[in-house]
Amino acid sequence: MSAAPEIRGWCPGAHRPMESGDGLVVRVRPLRAHLDAAQVIGLCALARRYGSGTLDLTSRANLQIRGVAQADHEALIAGLAALALLDEDPALEARRNILTAPDWSEGDLTHRLAGALLAALPWLPALPEKIGIAIDTGAAARFRNASADFRFELAETGQLLLRADGAPLGRRIAEDDAIAALLDLARWFAETGGPVAGRMARHLKTRPLPPEWQDSTPRPQTGPLKPGPAPDGPILGAAFGQIDATALETLMQETGATALRVTTGRLFQLRGARPTDAPGFVTSPGDPRLAAHACPGAPFCPQATVETRAIATRLARRLAPGDTLHVSGCAKGCAHPRAASLTLTGRDGAFDLVRNGTPWDEPRQRGLGPDDIETLI
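First, a word on scope: everything that follows refers to the structure included in this document. (Residues numbered from 1 in each chain as written. Predicted model: local features only at pLDDT ≥ 70, side-chain atom pairs only at ≥ 80, totals over all residues. Heavy atoms only, no water.)

## Some details on the pairing of strand 8 (residues 150-154)
Thinking step 1. Taking burial as the measure, the five residues of strand 8 include five buried ones, the bulk of the element.
Thinking step 2. Where burial is concerned, the two faces of strand 8 agree: the one with Phe150, Phe152 and Leu154 and the one with Arg151 and Glu153 are both buried.
Thinking step 3. Alignment of strand 8 against strand 9 (residues 160-164), held across five bridges, turns out to be antiparallel. By the bridge assignment, Glu153 is partnered in strand 9 with Leu161.
Thinking step 4. Once strand 8 ends, the chain turns through five residues before running back antiparallel as strand 9, passing Gly158 with a positive phi of about 95 degrees. (Buried < 20%, exposed > 50% of the residue type's maximum accessible area, 1.4 Å probe, protein only. Helix = DSSP H or I, 4+ residues; strand = E, 2+ residues; numbered from the N terminus. Pairing = 2+ DSSP bridges.)

## Notes on the nonpolar core
Thinking step 1. The biggest cluster of nonpolar side chains holds 44 residues, and the ones touching the most others in it are Leu43, Leu80, Leu248, Leu260, Phe268 and Leu270.
Thinking step 2. Every element with two or more residues in this core is listed here: strand 2 (23-28), helix 1 (37-50), strand 4 (54-57), strand 5 (63-68), helix 2 (73-82), helix 8 (245-255), strand 13 (259-263) and strand 14 (267-271).
Thinking step 3. Here this core takes six residues from helix 1, the largest share from any one element.
Thinking step 4. Look past the residues within four positions of Leu260 in its chain and what remains in contact with it is Ala33, His34, Leu35, Val40, Leu248, Met252, Phe268, Gln269 and Leu270.
Thinking step 5. Counting 32 residues, the second largest nonpolar core, distinct from the first, contains Leu113, Leu117, Ala178 and Met200. (Core = buried A, V, L, I, M, F, W, Y, C linked by side-chain atoms within 4.5 Å. Contact = heavy atoms within 4.5 Å.)

## Things to note about the pairing of strand 13
Thinking step 1. The buried fraction of strand 13 is high, at five of five residues.
Thinking step 2. Side chains of strand 13 alternate between two faces, with Ala259, Arg261 and Thr263 and Leu260 and Val262 buried alike.
Thinking step 3. Here three bridges tie strand 3 (residues 34-36) to strand 13, and the two strands are oriented antiparallel to one another. Residue pairing for strand 13: His34 is matched across the bridge by Arg261.

## Here we look at the sheet that holds strand 13
Thinking step 1. An order of 3-13-14-11 is seen for the four strands of this open sheet, with the pairing classed as antiparallel. With one partner strand each, in any of the chains shown, strand 3 and strand 11 (235-237) form the two edges of the open sheet. Averaged over all pairs of adjacent strands, the angle between their axes in this sheet comes to 25 degrees, without regard to strand direction.
Thinking step 2. Where strand 11 and strand 14 come together, three bridges link them in antiparallel fashion. Looking at the pairing, Leu236 lines up with Phe268 of strand 14. (Axes fitted to C-alpha atoms, helices over the stretch in contact; angles between N-to-C directions.)

Given below as structure tokens:
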């Protein structure tokens with residue numbers, strides 16, 4: 001029987017990379033989800049020089065360079081610093097798990113909140129490293145299903161509110177009081193045992209949120225962004241979040257894009273770009289790969305015993321509309337830590353099958369090979 005996967009409780013950063021089967025995984029957290037053209041091209045060059053030549057676009061809208069040798073880590077850090085893609089303070093970088101609405105413009109509410117939050121990060125109490133903050137104050141609400149514990153949103157009345165993840169209601173606040181309110185809610189979480197639970201939604205299952213934090217309904221969520229033309233530049237997707245660095249650099253240069261904005265759903269926007277066919281990227285909202293999730297799998301992750309993305313690509317084409325697929329190399333479920341219509345979990349070189357559940361749920365069938373799975377869909 002295979003050993004249980006190791007749950008590390010933290011995410012890789014730039015200063016603190018994570019060891020994987022193909023080398024170090026170095027995470028880059030773009031400020032305000034934005035990289036200018038020079039930063040994108042420089043990052044692609046670093047991925048080729050020090051990594052495997054690919055970038056991962058994560059579920060929290062970060063970018064990762066994989067396959068970095070330990071001996072090259074220091075040089076990569078210097079390169080990221082030269083591109084202004086790195087916090088000098090490793091502790092500050094670890095706290096900067098912020099989802100930012102990608103349609104912000106200079107001086108608008110989202111931009112102002114992001115600036116105030118970045119300045120206030122050192123004053124937050126000690127929190128688990130996976131804790132995240134969402135600034136969901138763009139033209140439409142997009143982040144309800146994204147991973148975040150403290151959520152700046154707009155109320156149905158249009159006022160700013162702060163909502164604890166897992167609570168249906170939030171608290172209306174003035175913009176000038178936004179950071180003070182966040183610090184108060186973070187202290188409540190820390191002082192009432194939240195770090196033991198690890199995440200806000202889990203904490204609220206055993207500890208009621210005080211009523212003063214629940215006085216307003218957030219505005220309805222709009223459907224997720226989709227690949228295709230958009231006013232400020234085309235929106236593209238990356239199958240399984242994997243981006244070829246050379247293809248991205250070529251795309252930036254050929255389209256004249258001035259910047260790149262990353263967001264959830266493994267999507268990114270080429271700001272100011274000319275329309276393009278973008279071979280190798282997801283360009284259509286109906287592309288079945290957007291409904292499929294798969295981690296790198298074996299041999300790239302030492303905890304995985306199965307290859308994942310080849311079978312996910314094949315099975316995605318057979319999904320019914322509205323269904324989702326998750327192929328996980330182990331029971332951690334890193335690529336999609338929530339329920340999917342069909343989940344395949346690697347174990348001892350074969351797959352366990354879960355329907356309408358997560359990789360750690362009790363499977364309906366065990367020990368399936370790829371050919372067995374093909375007959376079940």
